[in-house]
Amino acid sequence: MAFAWSFTIIALITYSTKKTGPKDAKIAGIYSAASGRFLQYLGVSLIMIFFAAPAVAGWLGILTALTQQQSNSLILLALGATGLVLSVYLLVRFSLAQVITVGFQKTVLQSLKDSSKLTKGNRLKVFIGFFILLLLVFLISNGIQLLLSLSRVVNENTIINNMVYVIEATIFLPILYVFQVKLYEALNG
(Lines give C-alpha, C1' and ligand atoms only; values in the text may rest on other atoms or scores of the structure.)
Protein backbone atom coordinates (compact mmCIF):
# COMPACT_ATOMS: atom_id res chain seq x y z
CA MET A 1 0.00 0.00 0.00
CA ALA A 2 2.88 2.38 0.76
CA PHE A 3 4.19 1.75 -2.76
CA ALA A 4 0.83 2.73 -4.28
CA TRP A 5 0.55 5.81 -2.06
CA SER A 6 4.06 6.85 -3.08
CA PHE A 7 3.13 6.77 -6.76
CA THR A 8 -0.07 8.64 -6.04
CA ILE A 9 1.83 11.34 -4.14
CA ILE A 10 4.43 11.61 -6.90
CA ALA A 11 1.66 11.89 -9.50
CA LEU A 12 -0.11 14.54 -7.41
CA ILE A 13 3.07 16.60 -7.05
CA THR A 14 3.82 16.16 -10.77
CA TYR A 15 0.34 17.33 -11.69
CA SER A 16 0.39 20.22 -9.19
CA THR A 17 3.68 21.60 -10.50
CA LYS A 18 2.70 21.53 -14.18
CA LYS A 19 1.05 24.57 -15.68
CA THR A 20 -1.41 22.52 -17.73
CA GLY A 21 -5.13 22.61 -17.22
CA PRO A 22 -7.21 19.61 -16.18
CA LYS A 23 -8.17 18.91 -19.82
CA ASP A 24 -4.52 18.65 -20.85
CA ALA A 25 -3.56 16.23 -18.11
CA LYS A 26 -3.60 12.59 -19.05
CA ILE A 27 -3.46 10.06 -16.22
CA ALA A 28 -1.06 7.83 -18.17
CA GLY A 29 1.33 10.73 -18.79
CA ILE A 30 1.28 11.83 -15.16
CA TYR A 31 1.93 8.32 -13.85
CA SER A 32 4.61 7.77 -16.48
CA ALA A 33 6.40 10.92 -15.31
CA ALA A 34 5.87 9.83 -11.71
CA SER A 35 7.55 6.49 -12.28
CA GLY A 36 10.69 8.27 -13.48
CA ARG A 37 11.02 10.10 -10.14
CA PHE A 38 10.25 7.23 -7.77
CA LEU A 39 13.81 6.55 -6.59
CA GLN A 40 14.51 10.24 -5.99
CA TYR A 41 11.23 10.56 -4.08
CA LEU A 42 12.10 7.48 -2.05
CA GLY A 43 15.54 8.91 -1.23
CA VAL A 44 14.12 12.22 0.01
CA SER A 45 11.35 10.44 1.92
CA LEU A 46 13.86 8.24 3.74
CA ILE A 47 15.91 11.30 4.67
CA MET A 48 12.76 13.01 5.98
CA ILE A 49 11.94 9.91 8.05
CA PHE A 50 15.48 10.02 9.43
CA PHE A 51 14.93 13.71 10.35
CA ALA A 52 11.69 12.77 12.14
CA ALA A 53 13.40 10.09 14.26
CA PRO A 54 14.66 12.51 16.96
CA ALA A 55 11.07 13.72 17.42
CA VAL A 56 9.83 10.19 18.00
CA ALA A 57 12.67 9.47 20.42
CA GLY A 58 12.13 12.86 22.06
CA TRP A 59 8.42 12.28 22.49
CA LEU A 60 9.09 8.87 24.05
CA GLY A 61 11.66 10.47 26.36
CA ILE A 62 9.19 13.14 27.44
CA LEU A 63 6.44 10.58 28.05
CA THR A 64 8.83 8.43 30.07
CA ALA A 65 9.96 11.44 32.11
CA LEU A 66 6.39 12.50 32.83
CA THR A 67 5.20 9.04 33.83
CA GLN A 68 8.10 8.08 36.08
CA GLN A 69 9.33 9.87 39.15
CA GLN A 70 13.01 9.07 38.85
CA SER A 71 16.13 11.13 39.28
CA ASN A 72 16.85 11.04 35.55
CA SER A 73 13.44 12.47 34.60
CA LEU A 74 14.83 15.96 34.05
CA ILE A 75 17.53 14.59 31.78
CA LEU A 76 14.95 12.63 29.77
CA LEU A 77 12.73 15.70 29.56
CA ALA A 78 15.61 17.88 28.34
CA LEU A 79 16.79 15.30 25.81
CA GLY A 80 13.22 14.75 24.64
CA ALA A 81 12.63 18.46 24.12
CA THR A 82 15.96 18.73 22.29
CA GLY A 83 14.97 15.87 19.98
CA LEU A 84 11.62 17.48 19.21
CA VAL A 85 13.16 20.88 18.47
CA LEU A 86 15.88 19.33 16.29
CA SER A 87 13.34 17.35 14.26
CA VAL A 88 11.02 20.30 13.79
CA TYR A 89 13.93 22.45 12.64
CA LEU A 90 15.16 19.84 10.13
CA LEU A 91 11.68 19.04 8.84
CA VAL A 92 10.85 22.72 8.32
CA ARG A 93 14.23 23.47 6.74
CA PHE A 94 13.87 20.64 4.22
CA SER A 95 10.07 20.67 3.94
CA LEU A 96 10.09 21.47 0.23
CA ALA A 97 12.59 18.79 -0.78
CA GLN A 98 10.00 16.24 -1.94
CA VAL A 99 8.23 18.79 -4.12
CA ILE A 100 11.51 20.03 -5.59
CA THR A 101 12.76 16.49 -6.27
CA VAL A 102 9.59 15.30 -7.96
CA GLY A 103 8.11 18.41 -9.52
CA PHE A 104 11.26 20.15 -10.65
CA GLN A 105 13.46 17.17 -11.56
CA LYS A 106 16.24 17.83 -9.05
CA THR A 107 18.53 15.30 -7.42
CA VAL A 108 18.05 14.44 -3.78
CA LEU A 109 21.02 16.56 -2.65
CA GLN A 110 20.08 19.49 -4.87
CA SER A 111 16.50 19.44 -3.60
CA LEU A 112 17.73 19.50 0.00
CA LYS A 113 19.99 22.46 -0.80
CA ASP A 114 17.21 24.31 -2.65
CA SER A 115 14.73 23.69 0.16
CA SER A 116 17.23 24.99 2.70
CA LYS A 117 17.82 28.15 0.62
CA LEU A 118 14.12 28.79 0.03
CA THR A 119 13.10 28.38 3.65
CA LYS A 120 16.00 30.43 5.03
CA GLY A 121 14.58 33.58 6.56
CA ASN A 122 11.06 32.14 6.31
CA ARG A 123 11.32 29.12 8.60
CA LEU A 124 9.03 30.52 11.28
CA LYS A 125 6.36 31.31 8.68
CA VAL A 126 6.79 27.85 7.12
CA PHE A 127 6.51 26.26 10.57
CA ILE A 128 3.37 28.23 11.39
CA GLY A 129 1.81 27.31 8.03
CA PHE A 130 2.47 23.61 8.50
CA PHE A 131 1.41 23.76 12.15
CA ILE A 132 -1.94 25.36 11.30
CA LEU A 133 -2.56 22.95 8.43
CA LEU A 134 -1.66 19.86 10.48
CA LEU A 135 -3.67 21.13 13.45
CA LEU A 136 -6.74 21.56 11.24
CA VAL A 137 -6.27 18.09 9.77
CA PHE A 138 -5.86 16.65 13.28
CA LEU A 139 -8.97 18.39 14.59
CA ILE A 140 -11.14 17.50 11.62
CA SER A 141 -10.06 13.86 11.47
CA ASN A 142 -10.44 13.43 15.24
CA GLY A 143 -13.82 15.14 15.06
CA ILE A 144 -14.92 12.64 12.43
CA GLN A 145 -13.61 9.77 14.57
CA LEU A 146 -15.43 11.17 17.60
CA LEU A 147 -18.72 11.37 15.72
CA LEU A 148 -18.30 7.83 14.45
CA SER A 149 -17.43 6.56 17.92
CA LEU A 150 -20.80 7.72 19.24
CA SER A 151 -22.36 4.69 17.59
CA ARG A 152 -21.07 1.50 19.18
CA VAL A 153 -21.83 -0.56 16.07
CA VAL A 154 -19.88 1.82 13.82
CA ASN A 155 -17.07 2.22 16.35
CA GLU A 156 -16.46 -1.52 16.59
CA ASN A 157 -16.64 -2.16 12.85
CA THR A 158 -13.04 -2.34 11.59
CA ILE A 159 -14.09 -2.19 7.95
CA ILE A 160 -15.86 1.13 8.46
CA ASN A 161 -12.97 2.50 10.53
CA ASN A 162 -10.45 1.51 7.85
CA MET A 163 -12.60 3.04 5.12
CA VAL A 164 -12.77 6.29 7.10
CA TYR A 165 -8.96 6.36 7.42
CA VAL A 166 -8.57 5.79 3.68
CA ILE A 167 -11.08 8.53 2.89
CA GLU A 168 -9.35 10.92 5.29
CA ALA A 169 -5.95 10.17 3.74
CA THR A 170 -7.41 10.60 0.26
CA ILE A 171 -8.59 14.08 1.23
CA PHE A 172 -5.84 15.31 3.55
CA LEU A 173 -2.68 14.06 1.79
CA PRO A 174 -3.42 15.95 -1.43
CA ILE A 175 -4.09 19.10 0.58
CA LEU A 176 -0.71 18.71 2.30
CA TYR A 177 1.24 18.22 -0.93
CA VAL A 178 -0.59 20.96 -2.84
CA PHE A 179 0.20 23.22 0.14
CA GLN A 180 3.89 22.34 -0.28
CA VAL A 181 3.74 23.15 -4.02
CA LYS A 182 2.05 26.50 -3.34
CA LEU A 183 4.57 27.22 -0.59
CA TYR A 184 7.41 26.47 -2.99
CA GLU A 185 5.90 28.81 -5.60
CA ALA A 186 5.42 31.57 -3.02
CA LEU A 187 8.99 31.30 -1.69
CA ASN A 188 10.54 30.89 -5.13
CA GLY A 189 8.84 34.08 -6.29
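Residues numbered from 1 in each chain as written. Predicted model: local features only at pLDDT ≥ 70, side-chain atom pairs only at ≥ 80, totals over all residues. Heavy atoms only, no water.

S.K.: For this particular structure, what's the right way to read helix α3 (residues 38-67)?
M.R.: Given a rise of 1.5 Å per residue, 30 residues ought to cover 44 Å, and the 42 Å separating the end C-alpha atoms of α3 matches this to within 8%. Taken as a whole, α3 carries its principal kink of about 30 degrees at Ala52; the proline Pro54 stands between one and four residues after it. All buried positions along α3 are accounted for by Phe38, Tyr41, Val44, Ser45, Met48, Phe51, Ala55, Gly58, Gly61, Ile62 and Ala65. (Helix = DSSP H or I, 4+ residues; strand = E, 2+ residues; numbered from the N terminus. Expected span 1.5 Å × (residues − 1). Bend = angle between axes of the 7 residues up to and from the residue. Buried < 20%, exposed > 50% of the residue type's maximum accessible area, 1.4 Å probe, protein only.)

S.K.: I'm lost on the packing of aromatic side chains in this one. Help?
M.R.: Any two aromatic rings considered together are summarised by their centre-to-centre distance and by the angle between their planes. A complete count under the given rule lists five aromatic pairs for this structure. Aromatic pair Phe130 and Phe179: ring centres 5.1 Å apart, planes at 85 degrees, arrangement edge-to-face. Of this pair, Phe130 sits in helix α7 (residues 123-149) while Phe179 sits in helix α9 (residues 158-188), placing them 49 residues apart in sequence. With a relative accessible area of 11%, Phe130 lands in the buried category. Members of the aromatic cluster, connected to one another through ring pairs, are Phe50, Phe51 and Phe94. (Phe/Tyr/Trp six-rings, centres within 6.5 Å; stacked < 30°, edge-to-face > 60°.)

S.K.: Which parts of the structure should I look at to understand the layout of surface pockets?
M.R.: Over the atoms, a rolled probe matching the size of one water molecule traces out where space is still vacant. Put simply, the largest pocket is a space of about 900 Å³. For the largest pocket, the lining is made up of 30 residues, of which Met48, Leu91, Leu134, Leu176 and Gln180 are closest to its centre. Broken down by secondary-structure element, the contributors of at least two residues to the lining of the largest pocket are α1 (2-17), α3, α4 (73-93), α5 (97-103), α7 and α9. Looking at the lining of the largest pocket element by element, the count peaks at eight residues for α3. (1 Å grid on protein atoms, 1.4 Å probe; cavity = no way out; pocket = protein on both sides within 12 Å on 5 of 7 lines; lining within 4 Å. Points joined across faces, edges and corners; volume = space filled by probe spheres on them.)

S.K.: What am I meant to see in the packing of α3 against α4 here?
M.R.: A pair of packed helices is captured by two measures, namely the crossing angle of their axes and the spacing between those axes. Across the interface, α3 lies against α4 with an axial gap of 7 Å and an inter-helix angle of 155 degrees. With respect to their mutual orientation, α3 and α4 come out roughly antiparallel. Where α3 crosses over α4, the handedness of that crossing is left-handed. Split by residue class, the contact of α3 with α4 holds 17 nonpolar, seven polar and no charged. (Axes fitted to C-alpha atoms, helices over the stretch in contact; angles between N-to-C directions. Parallel < 35°, antiparallel > 145°, perpendicular 65-115°, else oblique. Left-handed = near helix turned anticlockwise from the far one by under 90°. Nonpolar A, V, L, I, M, F, W, Y, C, P; charged D, E, K, R; others polar.)

S.K.: Would you take a moment to explain α7 for this structure?
M.R.: In an α-helix, one turn spans 3.6 residues; hence positions three or four apart end up facing the same way. Between the first and last C-alpha of α7 there are 38 Å, a value that for 27 residues agrees with the 39 Å anticipated at 1.5 Å per step. Of all the positions in α7, only Arg123, Val126, Phe130, Leu133, Ser141 and Gln145 are classed as buried. On its buried face, α7 sits against α4, α6 (108-119) and α9. (Contact = heavy atoms within 4.5 Å.)

S.K.: Looking at this structure, how should I read the side chain of Arg123?
M.R.: The residue Arg123 is located in helix α7 in this model. Here Arg123 occupies a buried position and makes no salt bridge, while the nearest side chain of opposite charge, Asp114, is found at 12 Å. Ignoring sequence-local partners within four residues, the contact set of Arg123 consists of Tyr89, Val92, Arg93 and Ser116. (Lys, Arg positive; Asp, Glu negative; His and termini not counted. Salt bridge = Lys/Arg side-chain N within 4 Å of Asp/Glu carboxyl O.)

S.K.: Would you take a moment to explain the nonpolar core for this structure?
M.R.: One broad rule of soluble globular proteins: the nonpolar side chains tend to lie buried together. Residues Ile10, Ile13, Tyr41, Leu96 and Tyr184 are the most contacted members of the largest nonpolar core, which totals 23 residues. Taken together, the elements giving at least two residues each to this core come down to α1, α2 (27-35), α3, α5, α7 and α9. Here Ile13 is in contact with Gln98, Val99, Val102, Gly103 and Tyr177, once residues within four sequence places are set aside. Of all hydrophobic cores here, the second largest spans eight residues; its members include Val44, Ala97, Val108 and Leu112. (Core = buried A, V, L, I, M, F, W, Y, C linked by side-chain atoms within 4.5 Å.)

S.K.: I'm lost on the environment of Ala65 in this one. Help?
M.R.: Looking at the element boundaries, Ala65 is found in helix α3. Using a relative accessible area of 8% as the deciding quantity, one classes Ala65 as buried. Sequence-wise, Ala65 and Pro54 are eleven residues apart; in three dimensions their C-alpha atoms are separated by 16 Å.

S.K.: Just checking my understanding: could you explain the environment of Lys125 for this structure?
M.R.: Mapped onto the elements, Lys125 comes out in helix α7. Note: C-alpha distance between Lys125 and Glu185 (60 residues apart in sequence) is 15 Å.

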